[in-house]
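Results of the structural survey
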Amino acid sequence: MVKKVSFRAIAPFTLLGIVAIAALFIPSLPDFVDTKGQYNTADIAWILVATALVFLMTPGLAFFYGGMVHRKNVLSTMIKSVVAAGIVSILWVVVGYSLAFGDSIGGFIGNPATHFFFKGVASGAPWIGAPTIPLTLFALFQLMFAIITPGLVVGAVAERIRFTAYILFIALFSLLVYAPIAHWTWHPDGFLAKMGVLDFAGGTVVHISAGCAALAGALVLKRRKAHIEQREIPPANIPYVLIGTGLLWFGWFGFNAGSAMAANALAVSAFATTSIAAAAAGCSWMFFDAVKGKKPSVLGFCIGAVVGLVAITPASGFIGIPQSIFVGVIAAVISNIAVHYKSKSTLDDTLDVFPCHGLGGMVGMLLTGLLATKTVNAAGNNGWLYGNTSLFFIQLKAMLIVVAYSFTMSFAIFKFINFILPLRVSSAEEEVGLDKSQHDEKYVQGTILLEEIGENEEGSIIQKEIIMHAS
């Protein structure tokens, strides 16, 4: 008997096929000729490395999230972050880069025709903010930011969102949320850029936009059955979380230091503030847990370090190295408190994306307005601490605009998806786990294939193995 294939199953491949065929008719133009000697080989080499480092953050994020969910949802959680590398890359070439960095339409969005199918990218002059590297390299570096942003949202909707629905979310979020905010903030004609907003590497563009989208997704999808029943969900693999943290920390050097767009002293400063803020935040979270009577934990340090990386992102190229300690400590404490109160509420943000990325990005934006100094970056501005109160309120205004837009648009996107196809898996699929129900695959933990055994039996098997190894 031939199984009937639905239109929903055919549509994604059909769209990809149309794009692939259309790509055949895009003319190839010669690369831009650097007749003025603008290109700097050291800058090109560094941004190539930084681009690769930022890409590495996406699988790092997959390990970070995958280790924290229930063992029956590890693979489904990881692939939702990694698949963004496929979906967003294609969209970026077709129209995403043009929407973010094409000719500005009123300061709100780029003209989609400017670089449609990367038209004029290879043959174009360097970007105004990156004059020493090819425009193609700038576009690829920015692509890596666009990839990881929808991947961050996964943590809030994990363990209950349908895979096909999330793929559609990635596409709509990238075009309707990420691209406009990137244009507002990083295009010289963007209205936030003209306001004087400072966002070195993505406090608004990446973290606040993703954090608010995560909050919207958690509200639309509602609570998991396990959350309603207040069942404890043990992390599937804490070493995965540790590996993910290491990859994120490593990749974040490209994320922030690469945003200097050159191999220069500013890149070195951003590199240093990035690492110091992460270190301070990891310690802050762990020590603050001890103040609350908890034992120091691997998860605590890892989550804290990532919060520090989030918070320093907008400030990394504008503040001094000693001040990055303050950013890390404050951000970790605020997110820690927010996670505590969220755990007491009915909000089911599975992996605390909004308290960590959303609030972390907000703290970073405001502290940029407080601590920024032209001593570090002459192209920036002085913050409140250095006598310029106006920058703080510019940062606050920009933060509120991005929060409102990202949350509202993302909420509408999730509602729209739910209208045209089921956003959430069935209760039976949720119970069996998304690895099985969505992908027909199983997560192997150690030598135990966790398939159709109950929790008690699994615990008994593990306990017997421990006793055998000990003897």
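Residues numbered from 1 in each chain as written. Predicted model: local features only at pLDDT ≥ 70, side-chain atom pairs only at ≥ 80, totals over all residues. Heavy atoms only, no water.

**Remarks on the overall build of the protein**
Scanning the protein from N- to C-terminus turns up 17 helices and four strands. Taking 471 residues into account, the globule formula puts the C-alpha radius of gyration at 23 Å, and the protein, at 22 Å, falls close to it. With the C-alpha coordinates of the protein rotated into their principal frame, the extents come out at 70 × 60 × 40 Å. Within the span of the protein, comprising 471 residues, buried residues form 52% of the whole. The contacts of the protein with a sequence gap of at least 6 include a subset with a gap of at least 24, amounting to 77%. When the accessible surface of the protein is summed, it comes to about 20400 Å², and 69% of that surface belongs to carbon and sulfur atoms. Charge separation in the protein, taken as the distance between the mean sites of 28 positive and 25 negative side-chain charges, equals 7 Å. (Helix = DSSP H or I, 4+ residues; strand = E, 2+ residues; numbered from the N terminus. Rg over C-alpha atoms; globule rule 2.2 N^0.38 Å. Buried < 20%, exposed > 50% of the residue type's maximum accessible area, 1.4 Å probe, protein only. Contact = heavy atoms within 4.5 Å. Areas by Shrake-Rupley, 256 points an atom, 1.4 Å probe, with all protein chains shown as cover. Lys, Arg positive; Asp, Glu negative; His and termini not counted. Charge placed at Lys NZ, Arg CZ, Asp CG, Glu CD.)

**Side note on the environment of Arg71**
Looking at the secondary structure, you find Arg71 in the loop between helix H2 (41-66) and helix H3 (74-101). The spatial distance from the C-alpha of Arg71 to the C-alpha of Pro235 is 7.2 Å, given a sequence separation of 164 residues.

**Quick word on the nonpolar core**
Membership of the largest hydrophobic core comes to 134 residues, with the highest contact counts inside it found for Tyr97 and Tyr178. It is helix H4 (residues 135-157) that provides the largest number of residues to this core, a total of 16 residues. Filtering out sequence-adjacent residues up to four positions away, Tyr178 remains in contact with Trp92, Gln142, Phe145, Ala146, Thr149, Phe173, Trp186, Val205 and Val206. (Core = buried A, V, L, I, M, F, W, Y, C linked by side-chain atoms within 4.5 Å.)

**What to know about the packing of helix H11 (residues 298-312) against helix H12 (residues 321-343)**
Packing of H11 against H12 brings their axes to within 8 Å, and their N-to-C directions diverge by 120°. The angle between H11 and H12 places the two elements in the oblique class. Crossing of H11 over H12 shows right-handed handedness. On H12, the residues touching Val307, Ala311 and Ile312 of H11 are Ser324, Val327, Ala331, Ala332 and Ser335. Tallied by class, the residues present in the contact of H11 with H12 amount to six nonpolar, two polar and no charged. (Axes fitted to C-alpha atoms, helices over the stretch in contact; angles between N-to-C directions. Parallel < 35°, antiparallel > 145°, perpendicular 65-115°, else oblique. Left-handed = near helix turned anticlockwise from the far one by under 90°. Nonpolar A, V, L, I, M, F, W, Y, C, P; charged D, E, K, R; others polar.)

**Points about the confidence of the model for the protein**
Mean pLDDT for the protein: 93, with 94% of residues reaching 70 or above. Here residues 446-455 scores under 50 on pLDDT; set against residues more than four positions off or in separate chains, the count is 16 contacts. Segment residues 464-471 is flagged for pLDDT under 50; beyond a separation of four residues in sequence, or across chains, it makes two contacts in the model. (pLDDT = per-residue confidence, 0-100.)

**Some thoughts on H4**
The terminal C-alpha atoms of H4 lie 36 Å apart, and with 23 residues this matches the ideal 33 Å at 1.5 Å per residue to within 8%. Most of H4 sits out of view: 21 of its 23 residues are buried. In the stretch just after H4, Glu159 is the one whose phi turns positive, near 75°. (Expected span 1.5 Å × (residues − 1).)

**Observations regarding the state of the cysteines**
Within the structure shown, the criterion is met by zero disulfides. We note that Cys212 lacks a disulfide partner, and the nearest cysteine sulfur, in Cys356, lies 14 Å from it. Left without a disulfide partner, Cys283 is nearest to the cysteine sulfur of Cys302, which lies 12 Å away. (Disulfide = S-S within 2.5 Å.)

**Details of the packing of aromatic side chains**
With the rule as written, the count across this model stands at 29 aromatic pairs. With 5.3 Å between their ring centres and 85° between their planes, Phe101 and Trp127 make a pair best called edge-to-face. Separated by 26 residues along the polypeptide, Phe101 in helix H3 and Trp127 in the loop between strand S2 (109-110) and H4 bring together distant segments of the chain. With respect to burial, Phe101 and Trp127 carry one shared label: buried. (Phe/Tyr/Trp six-rings, centres within 6.5 Å; stacked < 30°, edge-to-face > 60°.)

**Some remarks on the packing of helix H10 (residues 265-291) against H11**
Running from amino to carboxyl end, H10 crosses H11 at an angle of 140°, the nearest separation of the two axes being 7 Å. When the axes of H10 and H11 are compared, the pair comes out oblique. With respect to the hand of their crossing, H10 and H11 are arranged in right-handed fashion. Between H10, through Thr273, Thr274, Ala277, Ala278, Ala279, Ala281, Gly282, Cys283, Trp285, Met286 and Asp289, and H11, the contact on the second element is made entirely by Gly300, Phe301, Ile303, Gly304, Ala305, Val307, Gly308, Leu309 and Ile312. In terms of residue class, the contact of H10 with H11 is made up of 13 nonpolar, six polar and one charged.

**Details of the environment of Ala404**
Among the secondary structure elements, Ala404 is positioned in helix H14 (residues 389-420). With a relative accessible area of 42%, Ala404 lands in the partly exposed category. Linking Ala404 and Ser209, residues 195 residues apart in sequence, is a C-alpha distance of 9.4 Å.

**Quick notes on a nonpolar patch on the surface**
Side chains of Ile276, Ile321, Ile325 and Val329 sit close together on the surface and give an oily, nonpolar patch of about 280 Å² of accessible area. In terms of residue count, H12 provides more of the nonpolar patch than any other element does, three residues in total. Checked against the element boundaries, Ile276 lands in helix H10. (Patch = residues over 30% accessible without salt bridge, like charges linked within 9 Å, V, L, I, M, F, W, Y side chains within 5 Å. Salt bridge = Lys/Arg side-chain N within 4 Å of Asp/Glu carboxyl O.)

**With respect to the side chain of Glu430**
Its location among the elements puts Glu430 in helix H15 (residues 427-432). Among all residues touching Glu430, those that are not within four sequence positions of it are Lys72, Glu159, Arg160, Arg224, Lys225, Ala226, Arg424 and Val425.

**Observations regarding the pattern of salt bridges**
As enumerated under the stated definition, the model contains eleven salt bridges in all. A salt bridge links Lys225 to Glu431, with the shortest nitrogen-to-oxygen separation between them at 3.9 Å. Here Glu431 lies in helix H15 and Lys225 lies in helix H8 (residues 225-228), a separation of 206 residues in the sequence. On the basis of relative accessibility, which here comes to 39%, the residue Lys225 falls in the partly exposed class. Across the pair Glu229 and Arg231 runs a salt bridge whose closest N-O atoms are separated by 2.8 Å. In this structure Glu229 comes out as partly exposed when scored by relative accessible area, which is 42%. Shared partners join several salt bridges into a network, and the residues in it are Glu159, Arg160, Arg224 and Asp348.

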